[in-house]
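Geometric and topological summary
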Amino acid sequence: MGENSGLQADLARARAGDDAAFARLVGPLRQELHAHCYRMLGSSHDADDALQDALLRAWRGLARFEGRSSLRSWLYTVATRTCLDLADGRAKRALPADLGSSSERAVLDAAPLTDVAWLGPYPDQGLADGRAVPEARYEQRESVELAFVAALQHLPGNQRAALLLFDVLGFSAAEIATMMSTSTTSVNSALARARRLVAEKIPSSSQQQALRKIGDVKVQKLVAAFAAALERGDIDALVPLLTEDVTWTMPPLPTWYEGLAAVTDFAKRVPMASCPSWRTLPTSANGQPAVAFYIGGDVIEPHTAWSITVLAFRDARICGIVSFLGRDHFPSFALPASLS
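Since we're looking at a predicted model, the values are computed, not measured.

Next up on the list: helix 5 (residues 71-88). Compared with an ideal rise of 1.5 Å per residue, which puts 18 residues at 26 Å, helix 5 spans 26 Å between its outermost C-alpha atoms and is within 8% of the ideal. Of all 18 residues making up helix 5, 13 are buried, and the element is well covered by its neighbours.

Now the structure itself:
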């Protein structure tokens with residue numbers, strides 16, 4: 001009762017123009033709203049813009065919030081519509097596998113594609129464990145895994161929104177119909193189509209399930225061994241960590257590799273032979289273990305930010321490596337731009 005009266009008091013103050021009261025209202029929901037914007041748009045930077053725009057819209061339109069739905073529901077309505085507006089004017093986010101087939105041999109002169117909207121990594125430090133509500137089909141960390149977010153980008157905006165609002169956030173079809181100004185029948189139809197496509201594109205076992213099966217201690221050892229093998233240039237230490245069908249992609253480079261032979265050839269000829277010195281820091285991205293790589297001219301020079309490399313696991317081996325190249329990814333992970 002006291003908590004609800006405090007919320008109502010802040011709501012009244014916010015409607016009267018008190019921005020501190022509005023900040024208290026939206027503060028507990030800010031992280032989950034940001035994650036929703038990332039799922040919708042496939043970019044942490046776009047999610048920043050969308051959330052800022054959505055909260056500005058909510059602040060300006062607070063007088064129209066009549067309290068017929070919860071504040072959470074209303075804010076998700078504003079955020080979803082904001083994301084749909086932004087997505088209309090932007091290309092869908094892609095990974096290299098969306099653009100063409102893999103390469104069997106290392107490509108030494110690969111150049112970045114700057115005219116492609118690439119999927120980006122998500123800093124998941126503030127993301128809660130478990131489901132947002134008991135009715136949700138996906139855990140919150142499952143719903144930012146790279147395979148899931150990449151699959152979402154293939155959906156039309158209304159299907160993407162319906163799937164996220166229902167399966168990730170636990171809103172009912174009737175609530176979603178109100179949020180999206182459509183019918184319950186249309187929501188159910190969009191949801192069914194979205195589920196079919198996503199099921200075709202994501203593994204049957206999520207990374208959260210795979211990581212729990214391996215165990216935290218073993219996962220940490222595998223991540224450390226992967227980082228150490230790259231730092232030392234030790235291909236014999238790297239290969240046993242990988243599955244036979246391992247993939248390695250490096251957006252914004254369009255070239256990617258599939259299979260142990262191709263990935264081994266790339267690792268030997270590029271990061272282990274062409275890059276003078278590596279330093280690493282462990283991190284986490286998209287609900288998955290990750291490694292921040294820094295490159296230097298030699299072992300004693302400062303090393304500058306190079307990539308956020310996200311790892312996927314199956315049966316205690318690494319089955320997917322996605323290296324998001326670029327120092328612009330590092331600030332959102334609260335990682336330094338260089339290492340001494």
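Next comes the rest of the description.
A large share of strand 6 (residues 317-325) lies buried, amounting to eight of its nine residues. Pairing between strand 5 (residues 303-314) and strand 6: eight bridges, direction antiparallel. Considered in strand 6, the bridge of phenylalanine 313 is made with isoleucine 318. Connecting strand 5 to the next strand, strand 6, in antiparallel fashion are two residues, including aspartate 315 with a positive phi near 55 degrees.

Those residues of helix 10 (residues 207-214) not exposed but buried are Gln207, Gln208, Ala210, Leu211 and Ile214. Taken down its axis, helix 10 places every buried residue within 160 degrees of arc, on the same side. Exposed residues pointing more than 90 degrees away from the buried face of helix 10 are listed as Arg212 and Lys213. Lining the buried residues of helix 10 we find helix 11 (216-232), strand 4 (288-296) and strand 5. Of the residues trailing helix 10, glycine 215 is marked for its positive phi of about 100 degrees.

Reading guide: rules and limits
Residues numbered from 1 in each chain as written. Predicted model: local features only at pLDDT ≥ 70, side-chain atom pairs only at ≥ 80, totals over all residues. Heavy atoms only, no water. Helix = DSSP H or I, 4+ residues; strand = E, 2+ residues; numbered from the N terminus. Expected span 1.5 Å × (residues − 1). Buried < 20%, exposed > 50% of the residue type's maximum accessible area, 1.4 Å probe, protein only. Pairing = 2+ DSSP bridges. Arc of directions from axis to C-beta. Contact = heavy atoms within 4.5 Å.

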